[in-house]
Amino acid sequence: MHTRRDILAAGAGAALAGIAGTAAAQTYEPACFKPFSASTKTIQYPAKKGPYRIALANGYAGNSWRIQMIKSLKAYAATPDMKPHIKELKVVSTGTDVAAQLGAIDNFINAGFDAILTIAVSPTSFKPVIKRAKDAGVVLIPFDNVLDTDEVIQVNEDQFEMGRLMGRWLEKNGATSGKVLEIRGLPGNSVDRDRHLGFREIMEKHKGLQIVEVVGNWDDGTSQKVAADAIAVHGRFSGIYTQAGSNGTVRALIEAKHPFVPIGAEGENGFRKMVHAHHKDGLKGASAAQSPGLVAVALKAAVAALQGQKLPQYISVPIPYVEYQDMAPGKNFYPELPDTFYVANEFPPCNINITAPDIMKQSEGNT
């Protein structure tokens, strides 16, 4: 199976009539919509008159990241910059079933929506629905868990690099022998796959290291349980990489009275609070955040595409990253906010700043 990176590097022939050249060509708001690489193509759709009907076809909605993502979409859609462009915003979450998500996208296409945002349940099952969207003139924009294709505009952080960052962090802090615990995300998703591959690229160079792998579903409760079970079975670990559910991972260490070890984790507010509180006791943590606010960049890209603007086919968003010594209250975590809140929600080059109160007052339900 080819990975997304294989596809991007190969520079396969243009599959959309709107693709022209590489992202080195002049594109719309290049400071915001940065290409993944110098060879990233550009896509330009025919301009449509607004305002637009836009849908989110989400899959899984059972963790705090997905809930905050849906709330962030609704909050950004209500801002003065975005509200005039949106006639209707529809949100549906279909769970982890690929067929159900594809069916939801087909329903939106058939209902005449102008653009559909999606977090793909599977990176490899969308080829027919991509064609149906193209034939209907619908802009389809995957973000976060993206697709193994170069035929649609996609928005993401570099998930391979995020895994590498965590591997390098554990390397730097001595977790190169003994046992390291890797807590993965939702099976079948490209984010989980790519972070795992990036992490293993770094860590598997250390031949004396045993990596114990469990599945935490990017969820605090699940991560806490699988971490506790791993500690009970395997004893002491020299380091931990937890893709998300980071608060639960630390709680498992504390409850098991496991010595604090270096942890590479996500961008949850609670994780950063706990690291700040306990780093002098040995809890050294690095936090690389996959922002739920990616949905706002995807929405902004959808509107720009509908307006006929030329965009990179793969839009790369920088990884917000901070290590324990630089974690500070009011700067990159917030004592007054819930532990499950993801704190990186600002994208200054895109003029996007979704405030915590605006996010928290939204509902996460379907609309």
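Residues numbered from 1 in each chain as written. Predicted model: local features only at pLDDT ≥ 70, side-chain atom pairs only at ≥ 80, totals over all residues. Heavy atoms only, no water.

1. Thoughts on the overall build of the protein
This is how it is decided: Only DSSP runs of H or I with at least four residues qualify as helices, and only runs of E with at least two residues qualify as strands; both kinds are numbered from the N terminus onward. Computation of the radius of gyration draws on C-alpha atoms alone. For the globule rule, the value is 2.2 Å times the number of residues to the power 0.38. Burial classes follow relative accessibility: with a 1.4 Å probe on protein chains only, a residue under 20% of its type's maximum area counts as buried, one over 50% as exposed, and anything between as partly exposed.
Along its length, the protein carries 11 helices and 17 strands. The C-alpha radius of gyration computed for the protein amounts to 20 Å, which stays within 12% of the reference 21 Å derived for 367 residues, consistent with globular compactness. Once the C-alpha set of the protein is aligned to its principal axes, its extents read approximately 60 × 45 × 35 Å. The buried share among the 367 residues of the protein stands at 56%.

2. Let's talk about the side chain of Asp220
Where we set the bar: Asp and Glu count as negative and Lys and Arg as positive, but His and the ends of the chain are not part of the count. Whenever a carboxyl oxygen of Asp or Glu lies within 4 Å of a side-chain nitrogen of Lys or Arg, that contact is scored as a salt bridge. Contacts are assigned to residue pairs that have any heavy atoms within 4.5 Å of one another.
Turning to its location among the elements, Asp220 is positioned in helix α7 (residues 220–234). Summary of buried charges: Asp220 has no salt-bridge partner, and the nearest side chain of opposite charge, Arg251, is 4.3 Å away. Not counting chain neighbours up to four residues away, the residues in contact with Asp220 comprise Gly245, Ser246, Asn247, Gly248, Arg251, Glu268 and Thr340.

3. Some words on the sheet that holds strand β5 (residues 115–118)
Counted only if it meets this: A pair of strands is labelled paired if DSSP reports no fewer than 2 bridges between them. Under this scheme, a helix contributes an axis fitted over its contacting stretch, all axes are lines through C-alpha atoms, and angles between N-to-C directions fall in the 0 to 180 degree range.
One open sheet accounts for four strands, arranged β4-β3-β5-β6; its pairing is parallel. Edge positions in the open sheet fall to β4 (86–93) and β6 (139–142), since each of these has one partner strand only. Neighbour-to-neighbour, the strand axes of the sheet open up by a mean angle of 15°, direction not taken into account. Where β5 meets β6, four bridges bridge the pair, whose relative direction is parallel. Counterpart to Ala115 in the pairing with β6 is Val139. Most of the contacts of helix α10 (residues 294–306) go to β5, to which it runs at about 155°, and overall it touches β3 (52–58), β4, β5 and β6.

4. Some words on α7
Note the threshold: Here a helix's expected span is defined as the number of its residues, less one, multiplied by 1.5 Å. Between N or O atoms, a polar contact is any pair within 3.5 Å; within protein, one atom must be a potential hydrogen donor and the other a potential acceptor, and residues adjacent in sequence are included only when both atoms are from side chains.
With 15 residues, α7 should reach 21 Å at 1.5 Å per residue; the first-to-last C-alpha distance of 21 Å fits that figure. Among the residues making up α7, those that are buried are Asp220, Ser223, Gln224, Val226, Ala227, Ala230 and Ile231. On its buried side, α7 packs onto β8 (178–184), β9 (209–215), β10 (239–242) and α8 (246–255). The N-cap of α7, judged by a side-chain oxygen 3.3 Å from the amide nitrogen of Gly221 a few residues on, is Asp219.

5. Points about the state of the cysteines
What counts, and what does not: Put simply, a disulfide is two cysteine sulfurs that come within 2.5 Å.
Across all of its chains, the model carries one disulfide by this definition. Through a disulfide, Cys32 is tied to Cys350; the S-S separation comes to 1.9 Å. Sign of the S-S torsion, about 95° for the bond between Cys32 and Cys350, identifies this disulfide as right-handed. Here Cys350 lies in the loop between β16 (346–347) and β17 (352–353) and Cys32 lies in the loop between β1 (19–22) and β2 (41–43), a separation of 318 residues in the sequence.

Function-wise, these values are silent; they only describe arrangement.
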